[in-house]
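Spelled out, the chains give:
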Amino acid sequence: GPFHSTLQSFKVKAFGCAKMLRRTPIFSKYMLILIQLLKKVKDCRRAQGQRHPLWFILLLVILGTMMGYIGYRAWGDFARSEGPIIQKALKIKVTDLPSYSTIRRAIIRVDADNLLKVFQEWMTQINMDKKLSEGISIDGKSINSTRVNLHTKEQNCVNIVSSFSQATGMVLQLSAFENKSGSEIHQVLELLRNSTDSNQLFTLDALHCQKSTVELITAQGNDYIIPVKKNQKNLYKETEKVCQSPPPKSIDIQCDKGQVRQVTRQVSVFEYLPNNNLKGWESIKSLIKVERSGYRGVKIYKQTMYYISSLSGYASFFAAKIRGHWSIENQLHWVKDVILGEDNWRIRQFQAATNVSVLRTFALNLWRFLGFLSVTQARRAIGSRVERFLILLE
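Residues numbered from 1 in each chain as written. Predicted model: local features only at pLDDT ≥ 70, side-chain atom pairs only at ≥ 80, totals over all residues. Heavy atoms only, no water.

(A) Main features of the packing of aromatic side chains. Applying the stated rule across the entire model yields 13 aromatic pairs. Centroid distance Phe119 to Trp122: 6.2 Å. Interplanar angle 65°. Geometry classified as edge-to-face. Linking Phe119 with Trp122, this pair stays in helix α7 (residues 112-125), spanning three residues, or about one helical turn. Take Trp122: its relative accessible area is 0%, and that puts it in the buried class. Ring geometry for Trp122 and Phe362: centres 5.1 Å apart, planes at 45°, overall tilted. Placement of Trp122 in helix α7 and of Phe362 in helix α13 (residues 350-369) is noted, with a sequence separation of 240 residues between them. The class for Phe362 is buried, based on a relative accessible area of 0%. (Phe/Tyr/Trp six-rings, centres within 6.5 Å; stacked < 30°, edge-to-face > 60°. Helix = DSSP H or I, 4+ residues; strand = E, 2+ residues; numbered from the N terminus. Buried < 20%, exposed > 50% of the residue type's maximum accessible area, 1.4 Å probe, protein only.)

Set out below in structure tokens:
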């Protein structure tokens, strides 16, 4: 009718972004699924005096983070200024809007494991077409504000391990652990065991160059690319030996130039036939040698790294996937630390810090659902007006 025509016209004028408008129906679906799942988060607050549903508080934090509000007081301001609009749009009957102290108490008391399960259920319900060529990066990141007893044996902090799609920029799985009671290696193994994916390519850093890890990946019908360092002494020696015997199967050379830097990357791929020198590494099919040389400013450098893979492929493919692995640093860890303020966050309490990090990941994935790789660009498209954002739910 006339209303829907006017609404569509307003969307076009308000956003002027065809990419985002094309994704509006699927975004609305994902958002509604999220709201339903947030209602499953166990409320650990005392029943006496509760005036605000927990799911509504969590939704305000997610939307506030997307709009650029960072911190308890900022979320309190967001609830006060934009809460009535959200309340009306979602037809929520709440007599009062939460203050920053109410939001703070709720975040502290939410069970982090429960919230992580909700995130995983949300991503499982979303049907994503993941192809082998995309690549899934797995890496861990510590939350700086939770670090205690630095430079001692009792050092501890919260670490978040993420499974990240190189193609879409979305986080597919999340896991959290404390330094003193767990390790990233075991958390990654747990993520891989819980993964229902097959025919996927996983990229990891050298910490996960472990027999148990590569065996689990290949047993599930997936593949891997992992760097090798000298902590795997026999594997490193064998890789270095094979990569010194020419000719390679294929070579890819790329050169990047900037104002104060120039980097040349040569990727050489060598076919590997398993032998008795490396027991437990039978899944290896390719050894990759990556040579980087160039200068940064006046400093000249040269670096050689080796990788193992369960795939047989050309150098251009491996070059793209090896570089693509670092998108988890640029598009996830850096965005969380700098754009979403995680590095400057002052939360010391472990559970609260984990909860906020998970809620930030919800916000980040919602932007990526709309097709925005850049959070800054996404905020410019919406502005600070939440009503523009809620129009996408119509």
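Structure's up, so let's keep going.
(B) Fine view of the sheet that holds strand β3 (residues 171-178). Strand order in the open sheet made by the nine strands is β3-β2-β1-β4-β5-β9-β8-β7-β6, with mixed pairing throughout. Two strands bound the open sheet, and with one partner strand each, they are β3 and β6 (250-257). Direction aside, the axes of adjacent strands within the sheet are offset by 20° on average. Bridge count between strand β8 (residues 286-296) and strand β9 (residues 299-309): 11 bridges; the pairing is antiparallel. Counterpart to Ser286 in the pairing with β9 is Ser309. Along the sheet, α13 makes contact with β2 (158-165) and β3, crossing β3 at roughly 170°. (Pairing = 2+ DSSP bridges. Axes fitted to C-alpha atoms, helices over the stretch in contact; angles between N-to-C directions. Contact = heavy atoms within 4.5 Å.)

(C) Quick look at the confidence of the model for the protein. Residues with a pLDDT of 70 or more make up 88% of the protein, whose mean pLDDT is 85. Put simply, helix α1 (residues 2-15) is where the protein has its lowest mean pLDDT, 44, and strand β5 (residues 223-228) is where it has its highest, 96. Confidence drops under a pLDDT of 50 for residues 1-16, and excluding neighbours within four residues, the segment shows 17 contacts in the predicted structure. (pLDDT = per-residue confidence, 0-100.)

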